[in-house]
Amino acid sequence: MMADRLYIGIDLGTFQSTISSSAGKSETIETVVGKPKDPVARNFLGRDVLFGADALKNKLACNLFRPMAAGVAQDDEANLAAAKAFVTNLIETADPEEFDEVYGVICSPSHISFTDKSNLVATLRGQVNAIMVVSEPFATAFGLEEIGGSIVVDIGAGTTDIARIYGTFPTEEDEMTIEHAGDSIDNELISLICKKYTGAQVTKDMVRKWKEEFSYVGGEVVECMVELSVEGKKQVVDIGDLVRDACETAMPHIVATIKAIVASADPEYQPVLRNNVILSGGGSLIQGVADRIADELSDIGDVNVWCCEDPITKVADGALALSQVMPDEQYTSIN
Ligand SMILES: Nc1ncnc2c1ncn2[C@@H]1O[C@H](COP(=O)(O)OP(=O)(O)OP(=O)(O)O)[C@@H](O)[C@H]1O
Ligand SMILES: [Mg+2]
């Protein structure tokens, strides 16, 4: 008898992670782990480890880990333990125990190098029987059935990953990664706010939420009213110009990288690629981003730039789709 197999697609993101399963489950959790700071916190919280929104809500009582973030040492023990706990929890949301075996296609942040991927394997061992690791842009293109010829621009939190896709697995030369993405926009917005409003007290989470509510590029300045604490005193201010300026800072870098990806492609494919530039990841939700990038690209010929639907879950959905059609030989058995 055939073993009852569960397929899963996992997108481990620096900011948030998603799992999609062949049993129809899908879950997105912020890539944050909280460990109670002391026995009092442990007692008050009633659990040893907290994940995602639960960890953030209790952040004052916890030590927080963002195990996939850029700059986090992947061989740091506390971080590895947090990563393992996070991934275990994520996979458990898909009820793997109801199946005989689990096959997974995994996307991990591009800054996680090959040696760190062996940590990833160690993390998954015991939970997943066989895995295949692919890049975010490739999973996205596969999920969209745009494998034939496209450029996928995944604007995430830690990085923007740009790849040309033409019918096969992209190689290293087909992909480029830059650090201009959601986090860099947040940092820019913090510094613009602090420059304009001396003494303003803002955290990264505050500006990220404002950005997610108001983000836009191009066009007229749009009013964005927010409540700011300036030296402890409430002040309601319009940060519309600053939101746009912060989002704009990423654009030239993204455009230049798309141009480089086109220019180094087989010349016969270049028109196809220019005509199918797909934006994905949370950053593709910036109002006006597709038009803005298309404008800047127009000097290299006819271009078509579009945003995919459901950009937050697209990578995991594509990974799941891929997991279900790949022959077993493509997988690496890990137990
Ligand atoms: N409406 C929005 N406007 C602008 N940015 C947004 C919006 N919604 C989400 N984001 C940003 O998108 C980023 C998260 O996107 P995504 O989930 O694709 O990242 P990730 O996969 O965790 O990161 P990475 O791919 O770099 O590892 C965050 O920086 C978030 O603030
Ligand atoms: Mg991502």
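Computed from a predicted structure; not experimentally measured.

Rules used in this analysis
- Residues numbered from 1 in each chain as written.
- Chains lettered and ligands numbered in written order.
- Predicted model: local features only at pLDDT ≥ 70, side-chain atom pairs only at ≥ 80, totals over all residues.
- Heavy atoms only, no water.
- Helix = DSSP H or I, 4+ residues; strand = E, 2+ residues; numbered from the N terminus.
- Rg over C-alpha atoms; globule rule 2.2 N^0.38 Å.
- Buried < 20%, exposed > 50% of the residue type's maximum accessible area, 1.4 Å probe, protein only.
- Areas by Shrake-Rupley, 256 points an atom, 1.4 Å probe, with all protein chains shown as cover.
- Lys, Arg positive; Asp, Glu negative; His and termini not counted.
- Salt bridge = Lys/Arg side-chain N within 4 Å of Asp/Glu carboxyl O.
- Polar contact = N/O pair within 3.5 Å; in protein donor to acceptor, adjacent residues only side chain to side chain.
- Contact = heavy atoms within 4.5 Å.
- Core = buried A, V, L, I, M, F, W, Y, C linked by side-chain atoms within 4.5 Å.
- Domains from an automatic or database assignment.
- Expected span 1.5 Å × (residues − 1).
- Pairing = 2+ DSSP bridges.
- Axes fitted to C-alpha atoms, helices over the stretch in contact; angles between N-to-C directions.
- Near = heavy atom within 4 Å.

What follows deals with the overall build of the protein chain. The helix and strand tally for the protein chain stands at eleven helices and 17 strands. In terms of overall size, the protein chain behaves like a compact globule, its C-alpha atoms giving a radius of gyration of 21 Å where 335 residues would be expected to give roughly 20 Å. Within the protein chain, buried positions represent 51% of all 335 residues. For the protein chain, the computed accessible surface area is about 15500 Å², with 50% contributed by carbon and sulfur atoms.

Looking at the element boundaries, Arg 274 is found in helix α9 (residues 270-274). Despite its burial, Arg 274 pairs with no opposite charge, the nearest such side chain being Asp 302 at 7.5 Å. Within polar-contact distance, the side chain of Arg 274 engages the backbone oxygen of Ile 300 at 3.3 Å. Discounting chain neighbours no more than four positions away, the residues touching Arg 274 are Val 262, Ile 300, Gly 301, Asp 302, Val 303 and Asn 304.

In terms of nonpolar packing, the biggest core is built from 46 residues, with Ile 193, Ile 239, Ile 258 and Ile 293 touching the most fellow members. Broken down by element, this core gets its largest block of residues, eleven residues, from helix α8 (residues 240-263). Here this core spans two domains, and each of domain 3 (147-180 + 257-307) and domain 4 (182-245) adds at least three residues to it. Excluding its chain neighbours within four sequence positions, the residues that come into contact with Ile 293 are Met 251, Ile 254, Val 255, Ile 258, Leu 279 and Val 305. Grouped together as the second largest cluster of nonpolar side chains are 24 residues, Ile 8, Val 33, Leu 120 and Ile 131 included.

With 15 residues, helix α6 (residues 182-196) extends 21 Å from end C-alpha to end C-alpha; this agrees with the ideal 21 Å at 1.5 Å per step. Three or more residues of α6 are buried, namely Gly 182, Ile 185, Asp 186, Leu 189, Ile 190, Leu 192 and Ile 193. Those residues of α6 that are buried are in contact with β12 (200-201), α7 (204-214), β13 (225-230) and α8.

With that settled, the discussion passes to the domain arrangement of the protein chain. We note that the domain assignment places domain 1 (1-29 + 68-144 + 312-335), domain 2 (32-65), domain 3 (147-180 + 257-307) and domain 4 (182-245) within the protein chain. One C-alpha centre belongs to domain 1, the other to domain 4; they are set 35 Å apart.

Turning next to the sheet that holds strand β6 (residues 62-65). Spatially, three strands are ordered β5-β4-β6 in an open sheet, and the strand pairing comes out antiparallel. Only two strands of the sheet have a single neighbouring strand rather than two, namely β5 (50-51) and β6. Relative to the sheet, helix α3 (residues 77-92) contacts β4 (33-36), β5 and β6, its axis offset from that of β4 by approximately 115°.

Now for the site of ligand 1. Taken together, 20 residues are adjacent to ligand 1, and Thr 14, Phe 15, Lys 211, Glu 212 and Ser 215 come closest. Contacts to ligand 1 include Phe 15, whose backbone N or O atom sits 2.8 Å from an oxygen atom. Within the side chain of Glu 136, an N or O atom sits 2.9 Å from an oxygen atom of ligand 1. Taking 660 Å² as the accessible area of ligand 1 by itself, protein coverage stands at 94%. Examining the composition of the shell around ligand 1, we find that three residues originate from one element, α7, more than from any other.

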